[in-house]
Amino acid sequence: MCLLHSLEKYLKEEEISSAGTWSPFRVGSRGATRTTQERNRLFSSIITFFEKSIVSAFNSHEGPEPIKERNYYKEFRKFSELDRITKDASLSTKEKIKLISRPSRSDIGAFLKKLFKYGEVQYEVQIYALLLLSRFLTTTGWKLRATHWRILLITATRIAQKFEGRHPMRANVLEHIYPLFSVEEFTHLENHFLHIIDYRCFTTYEQYTNFLRNNFESCDKLHG
């Protein structure tokens, strides 16, 4: 059974409340009971999701950015990774270039491993974070760039953790995962992120499985 089908089978076993509100989270850690093969394949698929989505900070093949994207960018300008990376005296030139360049598959995997380990992120939370991130990108018209994919991923993941009822990553954890921004700044980013997606954190079973099918089915074929 391919990963997508096994995920759908699991999701169909989830409870749907009498009010019709469905959630991919439930008491009892499904992430902890997932087989090693399932975890490895899902992790590989998440890496591929970013590998296919991220463009470089300065992509000469792109045309002018849409007006909508420029307007949203103004709100995030104070949280520019590019500015902080270039001004960080602790980073070497080589490290700075790597951080603003389109990341390799191994770079994405290394960052995700750090996020999963120190942020105590379960796979269901991460998939939900990617769904929220997808909504954000659709609303803004943004492309996922090398200089902001990390802060957007962390922001979406913290929101998903709160939605699940878990404590979000704390200041000391964030400092270890990505020290360029403080917990106060990430909280501000969360508020703006939620405002942009109109606080649409809930999803239906159909929306969730469609997101899996559209974003992970091809990944299974590549890495199955």
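Before any of the text, the structure's been laid out above.
Residues numbered from 1 in each chain as written. Predicted model: local features only at pLDDT ≥ 70, side-chain atom pairs only at ≥ 80, totals over all residues. Heavy atoms only, no water.

Engineer: What is the right way to look at unusual backbone geometry in this model?
Structural biologist: If a residue is not glycine, its phi is most likely negative; likewise, a peptide bond is most likely trans. Positive phi, close to 50 degrees, is recorded for Glu120, a residue that is not glycine. Here Glu120 lies in the loop between helix H7 (105-118) and helix H8 (123-140). You will see that Asp198, though not glycine, has its phi angle at about 60 degrees, which is positive. Looking at the element boundaries, Asp198 is found in the loop between helix H11 (183-196) and helix H12 (205-223). Classification of Asp198 as exposed rests on a relative accessible area of 53%. (Helix = DSSP H or I, 4+ residues; strand = E, 2+ residues; numbered from the N terminus. Buried < 20%, exposed > 50% of the residue type's maximum accessible area, 1.4 Å probe, protein only.)

Engineer: Mind showing me how you'd approach the pattern of salt bridges here?
Structural biologist: Pairs may arise between side chains of opposite charge once their charged atoms sit close together. Inspection of the entire model under this criterion finds 5 salt bridges. The salt bridge involving Asp107 is made with Lys98; its shortest N-O contact spans 3.3 Å. Its relative accessible area of 24% is what places Asp107 among the partly exposed residues. According to the relative accessible area criterion, Lys98 is exposed, its value standing at 52%. Its salt-bridge partner being Lys162, residue Glu190 comes within 2.6 Å of it at the nearest N-O pair. (Salt bridge = Lys/Arg side-chain N within 4 Å of Asp/Glu carboxyl O.)

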